[in-house]
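# Analysis of the macromolecular model
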Amino acid sequence: MCRLFEEYSQILIVGADHVSSKQLQDIRRGVRGHSVVLMGKNTMMKCSLRLYADRTGNMDLLTLVAFIVGKVGLIFTKGDLKEVSEEVSKYKVGGLARAGVVSPIDIVIKPGSTGLDPSNTSFFQALNIPTKINKGAVEIVVPVELVKKGEKVGTSEATLLAKLDKKPFSYALVVLFLYQNGSVFSPKALHLTDQDLADNFSGGVSMIVSLSLAISYPTLAVAPHMFVNAYNNVLAVAMATAYSFPQAKKVVEYLKEDESKIAIVMSWPLMQLPKRKD
């Protein structure tokens, strides 16, 4: 593990719940050449992390300790993080719904023949599933929502799904966190586009402008707005006092053509004043 830390600077922390050894073997084969999949006991991995950090002085790696919880593994890579994440997610395998597992989806049994003999009728009745006998087999009459999303799968539901040979869940390595050059971040960052970054930046600038205008605090972002507001105030004063300056001449001439426009400009400073609260 220490050798891998020296060789790789990018790490994917993946969840490995219900992932079989055959899946791990296929994933290792798929990422071979640019990545290494490491699975082991959490205590051993944490111990190796601390020993390597103490020996090399690279304390940034200690941030990984808090994320090594539960059934997790580490994928050391030299490739593109997004491409490696997509490659890992390809290896999904359908699996039976085990008792006690929280369902990530709604499990619905469609109406139709189950292929089970009539001796299983009592089992369906215990689960309040309407059935009938058709051509020597139990047939479900209406769609049945067996388990809702977020609920735990019960023993009876798991047994029924096994009898029907239904595999509603798919299991694979799930990328939980990404480590790169001392920073740990969410895999959602891999799906950000240039437009997303531009929108987030624009939103942040808008918030700074709004706050700066509200408290009259000058910043680089609010400077154009403050200059415009100051110009409007000076222009309104010029209109009210017959005082003129070069930047106001054309505007004054234009406004003199329509008295209603003059009234709007003269009332502008009053519109900017805070309202009194009685």
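Anything mentioned here points back to the structure above.
Quick caveat: nothing in here was measured; it's all calculated off a predicted structure.

### Here we look at the sheet that holds strand S6 (residues 112-113)
- Spatial ordering of the open sheet is given by S6-S8-S7, a layout of three strands whose pairing is antiparallel. Strand pairing shows two members of the sheet lacking a second neighbour, S6 and strand S7 (131-134), which therefore form its edges.

### Quick look at a nonpolar patch on the surface
- A grouping of Leu-211, Ile-215 and Tyr-217 is seen on the molecular surface, where their side chains present a nonpolar patch of about 340 Å² in accessible area.
- Residue position: Leu-211 is located in helix H7 (residues 194-215).
- By relative accessible area, Leu-211 is classed as exposed at 53%.

### Re the environment of Phe-5
- Secondary-structure assignment places Phe-5 in helix H1 (residues 2-7).
- On the basis of relative accessible area, Phe-5 is assigned to the buried category, the value being 6%.
- It is 21 Å that separates the C-alpha atoms of Phe-5 and Glu-83, two residues lying 78 residues apart in sequence.
- Residues in contact with Phe-5, not counting those within four places in the same chain, are Ile-11, Leu-49, Tyr-52, Leu-61, Leu-64 and Phe-76.

### Structural notes on the pairing of strand S8 (residues 137-140)
- Both faces of S8 are covered, namely the face carrying Ala-137 and Glu-139 and the face carrying Val-138 and Ile-140.
- The pairing of S6 with S8 spans two bridges and is antiparallel. Paired with Gly-112 across the bridge in S8 is Ile-140.
- Two strands pair when backbone bridges link them, and S7 and S8 are joined in this way by four bridges, in the antiparallel orientation. The residue of S8 that forms the bridge with Asn-134 is Ala-137.

### Brief notes about the pattern of salt bridges
- This model, assessed by the stated rule, comprises six salt bridges.
- With its nearest N and O atoms 3.4 Å apart, the salt bridge here joins Glu-7 to Arg-3. Of this pair, Glu-7 and Arg-3 both sit in helix H1, four residues apart, which is roughly one turn of that helix.
- Of the residues examined, Glu-7 reaches a relative accessible area of 38% and is grouped as partly exposed.

Cut-offs applied
- Residues numbered from 1 in each chain as written.
- Predicted model: local features only at pLDDT ≥ 70, side-chain atom pairs only at ≥ 80, totals over all residues.
- Heavy atoms only, no water.
- Pairing = 2+ DSSP bridges.
- Helix = DSSP H or I, 4+ residues; strand = E, 2+ residues; numbered from the N terminus.
- Patch = residues over 30% accessible without salt bridge, like charges linked within 9 Å, V, L, I, M, F, W, Y side chains within 5 Å.
- Areas by Shrake-Rupley, 256 points an atom, 1.4 Å probe, with all protein chains shown as cover.
- Salt bridge = Lys/Arg side-chain N within 4 Å of Asp/Glu carboxyl O.
- Buried < 20%, exposed > 50% of the residue type's maximum accessible area, 1.4 Å probe, protein only.
- Contact = heavy atoms within 4.5 Å.

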